[in-house]
Each structure stands twice: as structure tokens, then as C-alpha cells.
Amino acid sequence: MATIKIKQIGSPIRRPEHQKKILIGLGLGKMNRVVEVEDTAETRGAIAKLPHMVAVVD
């Protein structure tokens, strides 16, 4: 399965609880952390819900 790297670029402070849970589900939670996850439709959907907080890194 293909993987993608995502980086957290926004803070979860003063964000709705569901956005914080999406970050934790992606394996993020601290600023500038980079994780490698499988490239699935679920992962792409979670990234699409947080375009202001995460970025796909090459």
C-alpha cells in the first residue's frame, strides 16, 4: 500500500473537539510533527477536513 507523509502546521488550541480527535486519529497532536500513514480514502478524507491544520509533505 502506498503511504503519504503529513505534517501538522496548525495548533489544536481553541479548535472544536472533533478536529482534535481527527488529529489524534492521524497520529498528530504537536506542532510540526510529521507522520507517515497509508494513503487510503479515509486518510484523504481526514486531511480534507483539516486543510488549515495539516499539509501533505513530499
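For the structure itself, consult the block above.
Let me sum up the structure you'll find in this document. Predicted model only: the values in this text are computed from it and were never measured.

## Considerations on the overall build of the protein chain
Here's step 1: Each helix and strand in the protein chain was counted, giving two helices and three strands.
Here's step 2: Order of helices (α) and strands (β) in the protein chain, N terminus to C terminus: β-α-β-α-β.
Here's step 3: Against the globule reference of 10 Å for 58 residues, the protein chain gives a C-alpha radius of gyration of 10 Å, in line with a compact fold.
Here's step 4: Principal-axis analysis of the C-alpha atoms gives the protein chain an extent of 35 × 20 × 15 Å.
Here's step 5: When each of the 58 residues of the protein chain is scored for burial, the buried share is 33%.
Here's step 6: Long-range contacts, defined as pairs at least 24 residues apart, comprise 73% of the intrachain contacts of the protein chain with a sequence gap of at least 6.
Here's step 7: As presented, the protein chain carries roughly 3,900 Å² of accessible surface, and 53% of it is formed by carbon and sulfur atoms.
Here's step 8: Between the centroid of the 10 positive side chains of the protein chain and the centroid of its 6 negative side chains there is a distance of 13 Å.

## Looking at the sheet that holds strand β1 (residues 3–8)
Here's step 1: Ordered in space as β2-β1-β3, the three strands form an open sheet in which the pairing is antiparallel. Two strands close off the open sheet at either side, each with one partner strand: β2 (34–38) and β3 (54–57). Taken over all neighbouring pairs, the strand axes of this sheet differ in orientation by 35° on average, direction set aside.
Here's step 2: Relative to β2, β1 runs antiparallel, the two being bridged by five bridges. What sits directly across from threonine 3, in β2, is glutamate 38.
Here's step 3: Most of the contacts of helix α2 (residues 41–49) go to β1, to which it runs at about 20°, and overall it touches β1, β2 and β3.

Calculation notes
- Each chain has its residues counted from 1, running along the sequence as written.
- For this predicted model, a pLDDT threshold of at least 70 governs which residues receive local features, and a threshold of 80 or more governs which side-chain atom pairs are given and counted, while totals over whole chains, interfaces and linings are taken from all residues.
- Side-chain metrics rest on all non-hydrogen atoms present in the structure, leaving aside hydrogens and water.
- Helix and strand definitions follow DSSP, with helices as H or I runs of at least four residues and strands as E runs of at least two, each counted in order from the N terminus.
- Here the globule rule is a power law, 2.2 Å times the number of residues to the power 0.38, and the radius of gyration is based on C-alpha atoms.
- A 1.4 Å probe rolled over the protein chains alone gives each residue an accessible area, and that area as a share of the maximum for its type sets the label: buried under 20%, exposed over 50%, partly exposed in between.
- It only takes one pair of heavy atoms within 4.5 Å for two residues to be counted as in contact.
- Exposure was quantified through the Shrake-Rupley algorithm and a 1.4 Å probe, taking into account, for residues, occlusion by the shown protein chains and nothing else.
- His is not counted, nor are the chain ends; Lys and Arg add positive charge and Asp and Glu add negative charge.
- For the purpose of locating charges, the reference atoms are NZ of Lys, CZ of Arg, CG of Asp and CD of Glu.
- Think of it this way: DSSP has to see at least two bridges between two strands before they count as a pair.
- Here an axis means a line fitted to C-alpha atoms, over the contact stretch when the element is a helix, while the angle between two N-to-C directions is reported on a 0 to 180 degree scale.

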